Structure formats: structure tokens, C-alpha cells
Amino acid sequence: MKKSACVLLVIWHLFVLWSMAGCWNFREIRDLAVVIGASFDKKDDQIYLTVEVLNPKGGEQDRGTSGSLGIKPQLFEGSGKTVFEAVRNMISKVGRKLYWSHARVFIVSEDVAKEGIIQIIDWINRDAEVRPQTWILVSKGQAAGDILRTRSKLFDTVSMQIDTLLRSQGNSGKLLAVTVGDFMEEMQKPGVGAVAPTVESMKDEREQIPEVTGSALFREERLVGFLNGEETMYLLFLRNQMKKGTLIAATADHPKANVSLEVFRSHTIKTVRLVDDRPVVDIWIDCLTGIAEISKENDVISERGSQKLTERTNERLQNKITDTIKKVQKEYGTDVFGFGNLIYRERPDIWGTIPKGGWSKVFPTVGTNVNVNIMLRGSAKLSEPTRVGE
Amino acid sequence: MRRELLSFKQIVYLLILFITGSTIILPVGTEAKQDIWAAVILAIVMTVPMVLVYARILSLFPERNLLEINEQILGKIVGRFINFMFAFYAFTLCALVLDNFGQFINVTAMPETPLAIPMVILCLLALWATKEGLEVIARSGEIYFPIIVFAAAFTFLFLTPNLNIQRLQPPLHQNSEGIVSAALHLFSFPFAETVIFMMIIYSSKKTKAMTKVYLAGLVIGGAIILLSVTSVMAVIGPERYQATYFPAYLAVQTINVGDFLQRVEVVVFLIAIFAGFTKISLCFYAACKGFSNALGCKEYPFLAVPLGLLEFLFAANLFNNTKQMARWASEVYLYFAFPFQVALPLILWIVGEVKQRGRQGSPEVDLHDESQG
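From a predicted model like this one, the values you see are computed outputs, not experimental measurements.

Cut-offs and rules
Every residue gets a number counted from 1 within its own chain, in the order that chain's sequence is written. Written order decides the labels, with chains lettered from A and ligands numbered from 1. Whole-chain, interface and lining totals are the exception, using all residues; otherwise, since this is a predicted model, local features are given only for residues with pLDDT of at least 70 and side-chain atom pairs are given and counted only at 80 or more. Heavy atoms from the whole structure form the basis of all side-chain values; hydrogens and water molecules are not counted. Domain delimitation in this document rests on an assignment produced automatically or drawn from a domain database. Only heavy atoms matter for contacts: two residues are in contact if any of them lie within 4.5 Å across the pair. A quick way to say it: buried area is the sum, across both parts, of accessible area lost when two parts are put together, with a 1.4 Å probe. One speaks of a salt bridge when a side-chain nitrogen belonging to Lys or Arg is within 4 Å of a carboxyl oxygen belonging to Asp or Glu. Here a polar contact means two N or O atoms within 3.5 Å. Within protein one must be a hydrogen donor candidate and the other an acceptor candidate, and residues neighboring in sequence count only if both atoms are side-chain atoms. Think of it this way: any DSSP run of H or I at least four residues long counts as a helix, any run of E at least two long counts as a strand, and we number them from the N terminus. Amino acids outside the nonpolar list (Ala, Val, Leu, Ile, Met, Phe, Trp, Tyr, Cys, Pro) and the charged list (Asp, Glu, Lys, Arg) are all regarded as polar, and Gly is one of them. For every residue, the predictor assigns a confidence score, pLDDT, that lies between 0 and 100. Throughout, an axis means a line fitted to C-alpha atoms (over the contacting stretch in the case of helices), and angles, computed between N-to-C directions, take values from 0 to 180 degrees. Each crossing gets its handedness from the near helix: less than a right angle anticlockwise from the far helix is left-handed, clockwise is right-handed. The criterion is simple. A nonpolar core is a set of buried Ala, Val, Leu, Ile, Met, Phe, Trp, Tyr and Cys residues joined through side-chain atoms within 4.5 Å. Partly exposed describes any residue whose relative accessible area lies between the buried limit of under 20% and the exposed limit of over 50%, with all areas from a 1.4 Å probe on protein chains only and scaled to the type maximum. In this analysis, strands are considered paired if DSSP registers two or more bridges between them.

A. Summary view of the domain arrangement of chain A. Residues and elements named next belong to chain A. Domain assignment breaks chain A into domain 1 (28-227) and domain 2 (229-390). For domain 1 and domain 2, the distance between their C-alpha centres works out to 31 Å. Contact with domain 1, which involves 26 residues of that partner, is made by 28 residues of domain 2. Between domain 1 and domain 2 lies a buried interface of about 2000 Å² when both sides are counted; carbon and sulfur atoms form 60% of it. Between the two partners, domain 1 and domain 2, sit one salt bridge. Salt-bridge contacts for Glu186 lead to Arg239; the nearest nitrogen and oxygen are separated by 2.9 Å. At the boundary of domain 1 and domain 2, one finds ten residue pairs in polar contact (both at pLDDT 80 or more). Among the elements that line the side of domain 1 that touches domain 2, the one with the most residues is strand β8 (residues 207-219), at six residues. For the side of domain 1 that touches domain 2, the residue count by class is eleven nonpolar, eleven polar and four charged.

So, in C-alpha cells, the structure goes:
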């Protein structure tokens, strides 16, 4: 009796294990529509959602260019009063429930961002399936859906291209990659304005391709302006997020001759002090660079030459950075550099004297004092400028 | 009735698991904002005297747990009434923790699964564990503990690149109100909840060992909480910490080592379920013991099944949504728990001290520390 009960129990357990494994939400991969990127537009109070859905049936014969998996993305459009409604309305077009955990990029159109981005970003942050590590971008001057409608030449989908680009953004030094989670934090944190990279569709060899360039500046939840690629580089310096990139420095002797400097490492220290009851931020930028290119036959490698070069570069960079700060202070009035947050963190006593919500009034009056210290490390493979024979 | 013996080590493990239990997933001490570390330290310091009182009561009456002590010093009727109250507290606490886990799994992992499913499974497990007895729970704790330590160390290690000390600044600036308020909440949840242990363990001799056990559990458990909430705060910042129901989950989501090691949120489930199961079964065990004592029964296991089913129904109908759960935890629980965590133990301690002294002069201290709890 005992033994047979045991055997029965084992059989019962095996039965249960095999037949009931898995959870309630069990979904086979073939039943999913995996979203890889999405864009949000708005027209007549309706949110227009465009999603790039992976079609897992790519197949061998479709194998595209090198490095591609031969996956063909499908675009779907849907609309609704809210993002969630648009997402759910989409089911009737896609035929499957959208699966969001693998989304790589979210593109928000300029118009929606100007109206207020919470209507989009709240759902992204609230939904359990969407991950806060997804990139967020703003489409400049055109509908966000048009970005997804461009064609990526090397990658399977536009979203994959943008994702790879933003992940390796360190190599260009002119891009500020921002995830939804970081964006949320910056939007909520005291004394800092949120930033997102901008994306445009560009004509390149007869085809429309996506191009990520510059950054979009937000005041509270609203888009207030853009910075171009070069200004974004200065923004990176100010935020201490510069990793690698290119600086262009002019030499002293020939104003037209350019020397390209490659940034290896950069570190920014900011401190704040009060001058006549006005906060002044001192910024020190230490930047380790190497000469990457010399476009004229002049000497910038010798001790005297390189000293002149660094002096000039320091001055140029200081001016450019100061100009960028002034521009943002005057035109946009949003503290994307995080000066307010610096004061909040390091001098909470000063921060306490500013009335709540009054930082946007104080920010344009903040004085800045930029000090750049360029250090030169070598000149790549060549030890001399390229010289011309007689 | 058979007495169940636990070793020194087992009780410490259980205390640590009990303290980390649901605390590790919930947003505790939000009022302190970036100074949460200070609030945790303050809460531990506040709990130390209470824990000394708990341990003192137990060692004043060797071979007896709180329920029997109550009966002895307060008389049969009053003592049993107090025991009923304590049992009700343990019962409620069990339902609260059960509900936390149901909500956690429901919100983050399985939104379409009915809330009741994870809850009923955990509840059945706790019911079974209780039927088997305290020693089984203690041994399971011994197995879980190293797993949890490993998982937590692993998570912390991979979280370090995302730690940003700037999120903890400015430290201690005009935030004393928030810190104290957060520390009070942390005191009532989870540190002083260890009062539950008085209902299930007893000191075999009149020794200081109980104090040592209690303090060791509190300090190690507190250190784990300190490390976990501070690192979570340094990863997601006070604004997002406050805005989310399950901050640790959000923080662990950011782990990304070389685009390879990512999406390890499941580790949080691992820690939460193991520690949470221990907390649920300990509370449930205490509730069973308390009710059986209050009803004048000698044995408790026969109560496990009916109480377990009741427990599940209670937990399932406790709150309508996650917001209510969070509100209860932040606004009501402190006052609800105060009599059990502070007032009653203090009264018991004074009464016990007086009675013991009246009977045999000053209580002698046994130097033999190898006692079994």
C-alpha cells in the first residue's frame, strides 16, 4: 500500500511538472510582436504611434548585408487619445499583442515634446514591460514616424542603427545619449534641465537615412530649443560626460591652417561660489588629447609650437564654451548644465535662499568662469608635420 | 508538548532573513530622501534598546516564550487576552507581507496572473512549514541564507558602476525631520517587528546569550538593509525612489555589464521570495502558536490549515490596490504596531523584573553562554 502510494505520487508529480510548467502569462515567441522601436506623434489631440516590429520569419534567403540577420522590420501605425489606448488599438492591426521589453529607441516628435513630454514618458516609465534603459530621442522638424520610415543601409532596422550609434556615441563626442530612466531623473531632479539627442532624416545618395545629431533642451517637461552637434560637444564638456571625440584647433601662425586634436580623456570639475550674492560657477576642464591631423606645414609638435597650440586651443575652447552657456542662458533659460543641481548638492545653504521654483529666474544671471587645460600626448604615427620638398 | 530547539546560528539567520524579508523590495524611508543611510542607522540605534528589552524578558523567564510568560505574570485571563492580541498582530503582519509579495509579483512580473495565485502558493508553503514545525523553518533558513548572501553580493558587485555619489548629496542638510520620520518608520518596519521572535523562541537558561543573538541578528540584518537601500538610492536617486513602488527592482534593471550581463531583475525575486517566505512562515507560526495559546489548546498544528486559509482570504482582501498598500505602510502601520513593539514589551519587562525580584532577589546571571534558544 505504502509503496504503491509512493509510485502514484511520483507519477502524479511528473504529470503535474510536465503539463503545468510555465506561468499564467505563458506566451510563445511566435505569438509575440516584438517591438524594436517606436515613435510618437500628435495630430488633432490624437497620439499617433508608429512601431517597428520585428518579423521573426526573416529566413535565410533574405540575408541582407554583412552583419545583418536578415530580419525584415514591419511598420505599423495606430492612434488613440492616450499612448496606452494607441498601443492597445494597434492589436487590431498587428494581430498580435505588442511585446515591449526589447524596444531599443523611442522617438518623440518635436511638436509633442513642445507640448509636454509627460503624456508620452509616463506610460513608458509606468508600464511593466517597457524598460527604462530604452533610448529616447526627439525628431527635429519632422514627424517622428518619418524617422522610422527611413532606411538603414547597414542594419536590419532603423532602431537597431540608432541603438548601436548611441551605445558607441563615445567615438564621435558630439552626441549625448539619454535613456528614458535618466531623462525621468533629470526632469524630476532639482536644478537641472533634461536633454535628449535629436534625430533627423537626411537624404544620402537618393535614400532617406536617419541621422542623430545635436541635442534637444527641455525646461521642465517642455522642449525649448536645440543645440547643434558642436554645441552638444561643449555641453558634454560641461556635464563631465565627454569621453572621446574630436576637437578642432587652429594654430597661431596661419589662421587658416587647422590642427585636429583627438580627445582621449576629459574631466570636468565645477565649483560654486557667491560674488555679490550672485552665484558664480567655476569650471575646470582637464582634457588629454593627441594631435590627429595637421593640415598645413607648420610646426605644432615642437615644445614651443605645442605650447602655442595648447594656449590657443584653451582660449578658443573657453570662448566657445562660454558662448554656449550664454546662448542657453539667454535664449532657452533651461539649466541643462546642472549648475542649479551643483548648488543644491554642494551649497544647500545658497539653494535654500532661492525661492521654490525660482531657479529658472536665477539661472540666466549665474556667472561662469571657464578654465580649459588641454594636455597634449603625442602626435599619432608621425613625429613631424608633413613637409613639402623644394 | 514537544519543545523545539534552535541553535544560536539558526536564530541569527532567521532574524536576518526576517529583517531583510520584504524590506528589501519596498520603498522604505522615503521621507529621508538622499539621507536614507542616516535614517537606517538611526533606526538601528533606536531598535537596540528595544531588542535588549525583548532579550531581557526572555532571559528573565527561562524555558518560556512570550506567550507563556504573559500567562505566568499577567494571569490566565489577561495573559491570554494579550496573547490573542499578539497573535492577531502576527496574523496581520503575515497578511501584509503576503500581500506585498503578491503585489510585487503582480505588478512587475505577471500582470495577467490573478493576484491570488502567487499569494495562495506562498501561503500554502508557509502553512506546510508551520505544520512541520519551527525546526524545519530554521533549517530552510540555513539553506536560504547563503543563497541570499551570494545573490545580494552578486547584485551589489554589478551595481557598483551605476552608483553615483552625487545622488546622495547634499548630505544631512535641513532634513532632520525627514530623517527622524523615516527612522521611526524603519523602526516599526522592519526592525522592531522582531518582537514576533519572542513568541516563538525561548531561552533555555538565564543567560546573556539571548541578547547576543538578538543584537547579532539586528546588526547584520540592519547592515544588509543599509547597504541595499543606500546603493539603490545612489543608483536611481531620491526622486525616482519615491515615485516607484519597488525601487530595488528598478535599480537592478540598470545592471548592464558589457551588453552581456543584463536583465538580472530575477535576482531580486530570488532574494525577496526566500527572505519573504521565511518572514511569512515565522509570522504565521507565531500566529498559530498565539491563537492556540489564547484558546487554551496545548498543540498548535491543528490550527494551521484553518488559519492558513483565513490568512489567505485576509491577505487577498486586505487592499484593493498597490497604492493602498503603500499608504498603509507609510501612514498607519507605525501606530498600529506601536503597542506590540514598544508599549506591551515595556510593561511586561517592568512587571517581570518586579515579580522576579520579589520572588528570589536579584536574578542571578548564568555565565554559561552555550545556551540553546
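Moving on from the model shown.
B. Quick look at the environment of Asn256 of chain B. All names here are of chain B. Examined against the element boundaries, Asn256 turns out to sit in strand β1 (residues 256-257). For Asn256 and Phe158, which are 98 residues apart along the polypeptide, the C-alpha to C-alpha distance reads 7.9 Å. The residues contacting Asn256, other than those within four sequence positions of it, are Leu261 and Gln262.

C. The arrangement of the confidence of the model for chain B in detail. Residue and element names in this part refer to chain B. Looking at chain B as a whole, the pLDDT averages 87, with 95% of positions reaching at least 70. Mean pLDDT values over the elements of chain B span from 79, in strand β2 (residues 261-262), up to 93, in helix α2 (residues 36-60). Low pLDDT (under 50) marks residues 362-373, which in the prediction has 29 contacts with non-local residues, meaning those over four places away or in another chain.

D. Looking closely at the packing of helix α1 (residues 8-20) of chain B against helix α9 (residues 209-243) of chain B. All names here are of chain B. The contact between α1 and α9 brings their axes to 8 Å, and the two run at 35 degrees. Read as a crossing pair, α1 and α9 show a hand that is right-handed. Note on element contacts: α9 touches α1 through Ala209, Lys212, Val213, Tyr214, Ala216, Gly217, Leu218, Ile220, Gly221, Gly222, Ile224 and Ile225, opposite Phe8, Ile11, Val12, Leu15, Ile16, Ile19 and Thr20.

E. Molecular detail of the interface of chain B and chain A. Counting from both sides, the interface comprises 25 residues of chain B and, opposite them, 22 residues of chain A. Buried area between chain B and chain A, summed over both chains or domains, comes out near 2100 Å², and the portion from carbon and sulfur atoms is 47%. The largest contributions to the chain B side of the interface with chain A come from Glu239, Arg240 and Arg263 of chain B, which together make up 29% of the buried area. The tally of links from chain B across to chain A stands at two salt bridges. In this structure, the salt-bridge partner of Arg167 of chain B is Glu185 of chain A, at a minimum N-O distance of 2.4 Å. Counting across the chain B and chain A interface gives six residue pairs in polar contact (both at pLDDT 80 or more). Elements represented by at least two residues in the side of chain B that touches chain A include exactly α4 (76-108), α9 and α10 (247-253) of chain B. No other element matches the four residues that α9 of chain B contributes to the side of chain B that touches chain A.

F. Looking closely at the nonpolar core. Residue and element names in this part refer to chain B. Core analysis: the biggest nonpolar cluster contains 130 residues, and Phe191, Phe197 and Tyr214 have the highest contact counts within it. Among the elements that take part in this core, helix α11 (residues 266-294) stands out by supplying 17 residues, more than any other. Residue contacts for Phe191: discarding those within four places in its chain leaves Ile19, Val40, Ala43, Ile44, Thr47, Leu186, Leu218, Gly222 and Ile225.

G. Molecular detail of the pairing of β8 of chain A. Residue and element names in this part refer to chain A. Bridge count between strand β7 (residues 195-204) and β8: nine bridges; the pairing is antiparallel. Paired with Ser201 across the strands is Pro210, a residue of β8. One ladder, built from five bridges, connects β8 with strand β9 (residues 222-227); its direction is antiparallel. Each residue of the ladder has a partner; that of Arg219, found in β9, is Arg222. The antiparallel hairpin formed by β8 and β9 contains two residues in its connecting segment, where Glu220 sits at a positive phi of about 50 degrees.

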